[in-house]
Amino acid sequence: MPRPMPRPRMAALVGGGVLAAAALVACVLVPGALAGWLAAVTAVCALPAGALVLSLMMRLIPGVWGEELRLSTEAMTLLTPWAALAFVPVVAGLGAIYPWMRDAKLSALQQLTLTPLCFAAVSAVRFAALWALGRRMRARRRTRATAAAGLVALPLLAGLAAFEWLLSLDPGFASSAFGLQFLERELTIAFAALLLLRLSLGRPPARPSVLGGLMLTLLLLWAYFEFLPFFINWSSDEPDGAAWYLARARGGWGVLLWIWAALSGVPLLALLFAKARNSVAALRWIAGTVIVGKLCELAWVTLPGFGIPAIAVDVAATGGLALVCAALLPSLLYRRIERRMPKEANR
Amino acid sequence: MSERPLYALLGEFGSGKEVLAAAKAMRRAGCGPLDAFTPFPVDGLAEALGFSDCTVQTAAFVGGVVGAAAGFAMQMATNLDFPLWIGGRPLIAVPAFMLICFELLVLGAVLGAIGAMFVANRLPRLNHPMFEAPEFGLGSDRRFFLAVLAGPGFDRARAGRALAKLKPRAIIEVPEVG
């Protein structure tokens, strides 16, 4: 039987919904503010997308992490339709966000791929793949083949989404690591959220150090994927690459850069110590810090050049949508637990 | 056996689980210090033996920091000593220095860890009292040994009784190297 949602979570759901709706209204009223919604909704899409990749990996690389997190990841993949719904305003308002909808100079390949139709198709195919693969995994139907196929298809789709959603904000900038950065960001956001969900509900995990070790791995990947493209651009010093980084190093964006670097870098250093990897309380703090860092990073990638309204919308929409997700996820997890419980236990 | 003083009392067990339980029981009985010899790493055994030495980790950390600092200092000194102006970049070009710093960080950490491991294990060492026990060779194949080391306050009779309670396959006296 589905449990009724406790009052604080119901309040978070309604409050978050109202906040997100207000942000959406602001997007309609203020031109250019919709980019803030894009940043917020990219973070929300990271939850089901990252959780699905993790659940596929759990199937092929079994171990303690799978035993601890499988149901939580499956619960998170149930957010896919809501994430897709939240993405609709972006597709509807492409003209308010992307320079290629106006008069930007495009290469031949960009003229083919940066069109509303292509953008909508990539987004739709990706959400459909997320839903279909997630459904098969939840139903435990041919999970091995699904996981193998999914782990080939999803990084490609994530790369395409990274190209259409974020890289195309500056058609002059090209980076072959952008898709990997996008994928790593999604995985880290999803894993940190999973940790928070797992550590907040039910019995504490038997071996938290395994989960702490995984978080450390993701943060090491982050350091590598963020530093190396910067270093390559810095070395070659080509105008387009330099312009992308310079726009993000000036003024407030330069300060934000140090903030998100610290919000991921300090947890990375803390996780080098076994005590931090083993402590549930420390892991909860680290997961929270990493999520805030990733949200700042996403704003730093997406919003330079859009002005204050976009930043305000990003903050409001992220806050609202995060509240909605925080309210929904425990209910989705209980639903998964009840679904997987043996029939006799239900009586 | 011989007149030589005892180095350790060795209990022989058939599985990792047994030796783990034995280590816990011996610690509870207050016999120690303990050591164990197994053909493969047994999860939780180090904790059960009360092993809390972190010399290797500390040495790796210190080696890493020294390596990274030395890498940075080396590049700084080279560039200041022989200035090459490239593409208008500063002589002390921090992003470019990071790669060498990282490489030397890894090198320093690895050398620190390996060096500390050698010192802590007193290597290279050609002989060890445990080699006196003829069955000890099985420890690298299919047997699990728990050793009660004869230190100050070691009571042979008490340790022997506590070990016998755990029903090992054999109890072996290991003398000091003569």
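Note that the coordinates shown come from a computational prediction; the quantities given were computed from them, not determined experimentally.

Take the overall build of chain A next. Scanning chain A from N- to C-terminus turns up 16 helices and zero strands. Computed over its C-alpha atoms, the radius of gyration of chain A comes to 20 Å, within 12% of the 20 Å expected for a compact globule of 347 residues. Seen along its three principal axes, the alpha-carbon backbone of chain A occupies a region of about 65 × 40 × 40 Å. Taking the intrachain contacts of chain A between residues at least 6 apart in sequence as the baseline, contacts between residues at least 24 apart amount to 80%. Counting 31 positive and 16 negative side-chain charges, chain A places the averaged centre of each group 15 Å from the other.

Another point: a nonpolar patch on the surface. Residues and elements named next belong to chain B. Taken together, the side chains of V56, F102, L105, V106, V110, I114, M117, F118 and L123 define a hydrophobic patch exposed on the protein surface, amounting to about 700 Å² of accessible area. Tallying contributions element by element places helix α4 (residues 94-120) first for the nonpolar patch, with seven residues. Here F102 is to be found in helix α4. You can call F102 exposed: its relative accessible area is 52%.

Of the residues lining the interface, eight residues belong to chain B; the matching set on chain A comes to nine residues. Looking at the side of chain B facing chain A, the largest losses of area belong to B:R89, B:P95 and B:L99, adding up to 68% of the total buried there. Counting every contact that joins chain B to chain A gives zero salt bridges. Of the residues assigned to the side of chain B that touches chain A, the class counts are five nonpolar, one polar and two charged.

As a further point, take the nonpolar core. By size, the foremost hydrophobic cluster in this structure holds 104 residues, and its most contacted members are A:W37, A:Y98 and A:W165. For this core, the element with the highest residue contribution is helix α2 (residues 34-60) of chain A, accounting for 19 residues. When residues no more than four places from it in sequence are discounted, the contact partners of A:Y98 are A:L38, A:V90, A:F119, A:E164, A:W165, A:S168 and A:L169. With 20 residues, the next largest nonpolar core counts B:V19, B:A22, B:A23 and B:L49 among its residues.

All names here are of chain B. Read across the sheet, four strands follow the order β2-β3-β1-β4 without closing on themselves; strand pairing throughout is antiparallel. Pairing within the sheet leaves two strands with one partner each, and these edge strands are β2 (34-37) and β4 (170-175). Across the sheet, the mean angle separating the axes of adjacent strands is 25° when strand polarity is ignored. With four bridges joining them, β2 and strand β3 (residues 144-149) adopt antiparallel strand pairing. Within β3, the residue paired with F37 across the bridge is F145. Sheet strands touched by helix α1 (residues 16-28): β1 (6-13), β2 and β3. Its angle to β3, the strand with the most contacts, is close to 15°. Packing against the sheet, helix α5 (residues 156-165) makes contact with β1, β3 and β4, and its axis sits at approximately 5° to β1.

Moving on, we come to α4(B). In this model, α4(B) (27 residues) spans 37 Å end to end at C-alpha, consistent with the 39 Å of a helix rising 1.5 Å per residue. Within α4(B), the full set of buried residues consists of B:P95, B:F97, B:C101, B:G108, B:A109, B:G112, B:A113 and B:A116. Buried residues along α4(B) sit in contact with α10 (208-236) of chain A together with α3 (55-81) of chain B. At the C-terminal side of α4(B), B:R122 shows a positive phi close to 55°.

Turning to the side chain of A:T143, a few remarks are in order. Topologically, A:T143 is positioned in helix α8 (residues 143-166). Each residue touching A:T143, except ones within four places of it in the same chain, is listed here: A:R59, A:R136 and A:M137.

All names here are of chain B. Mapped onto the fold, A93 is located in the loop between α3 and α4. By relative accessible area, A93 is classed as buried at 8%. C-alpha of A93 to C-alpha of V110: the two residues are 17 residues apart in sequence and 26 Å apart in space.

A separate point is unusual backbone geometry. Residue B:P124 follows B:L123 across a cis peptide bond; omega there is -5°. Along the chain, B:P124 falls in the loop between α4 and β3. At A:D237, a position not held by glycine, the phi torsion is positive, near 55°. A positive phi angle, near 50°, is found at B:K167, a position not held by glycine.

Glancing now at helix α1 (residues 7-29) of chain A. All names here are of chain A. Compared with an ideal rise of 1.5 Å per residue, which puts 23 residues at 33 Å, α1 spans 33 Å between its outermost C-alpha atoms and is within 8% of the ideal. Inspection of α1 places R9, A12, G16, A20, A23 and C27 among the buried residues, and these make up the whole buried set. Residues of α1 that are buried make contact with α2 and α15 (308-340).

When you line up the elements, A:A282 lands in helix α14 (residues 280-302). With relative accessibility at 23%, the residue A:A282 sits in the partly exposed group.

In terms of domain boundaries, chain B breaks down into domain 1 (6-52 + 127-175) and domain 2 (55-120). Placing the centre of domain 1 of chain B and that of domain 2 of chain B at their C-alpha centroids yields a distance of 42 Å.

Residues and elements named next belong to chain A. Applying the stated rule across the entire model yields 22 aromatic pairs over all chains. Taking 6.1 Å as the distance between ring centres and 40° as the angle between the ring planes, the aromatic pair formed by W100 and F119 counts as tilted. In this pair, W100 sits in the loop between α5 (94-97) and α6 (108-113) while F119 sits in helix α7 (residues 116-139), placing the two residues 19 residues apart along the sequence. As far as the burial class goes, W100 and F119 line up, both buried. These aromatic residues form a ring-pair network of at least three members: F173, F178, W222, F227, F230, F231, W234, W244, Y245, W260 and W300. A cation sits over an aromatic face here: R138 above W131, 4.7 Å from the ring centre.

Quick notes on the rules
Residues numbered from 1 in each chain as written. Chains lettered and ligands numbered in written order. Predicted model: local features only at pLDDT ≥ 70, side-chain atom pairs only at ≥ 80, totals over all residues. Heavy atoms only, no water. Helix = DSSP H or I, 4+ residues; strand = E, 2+ residues; numbered from the N terminus. Rg over C-alpha atoms; globule rule 2.2 N^0.38 Å. Contact = heavy atoms within 4.5 Å. Lys, Arg positive; Asp, Glu negative; His and termini not counted. Charge placed at Lys NZ, Arg CZ, Asp CG, Glu CD. Patch = residues over 30% accessible without salt bridge, like charges linked within 9 Å, V, L, I, M, F, W, Y side chains within 5 Å. Areas by Shrake-Rupley, 256 points an atom, 1.4 Å probe, with all protein chains shown as cover. Salt bridge = Lys/Arg side-chain N within 4 Å of Asp/Glu carboxyl O. Buried < 20%, exposed > 50% of the residue type's maximum accessible area, 1.4 Å probe, protein only. Buried area = accessible area lost by both parts, 1.4 Å probe. Nonpolar A, V, L, I, M, F, W, Y, C, P; charged D, E, K, R; others polar. Core = buried A, V, L, I, M, F, W, Y, C linked by side-chain atoms within 4.5 Å. Pairing = 2+ DSSP bridges. Axes fitted to C-alpha atoms, helices over the stretch in contact; angles between N-to-C directions. Expected span 1.5 Å × (residues − 1). Domains from an automatic or database assignment. Phe/Tyr/Trp six-rings, centres within 6.5 Å; stacked < 30°, edge-to-face > 60°. Lys NZ or Arg CZ within 6 Å of the ring centre and 35° of its normal.

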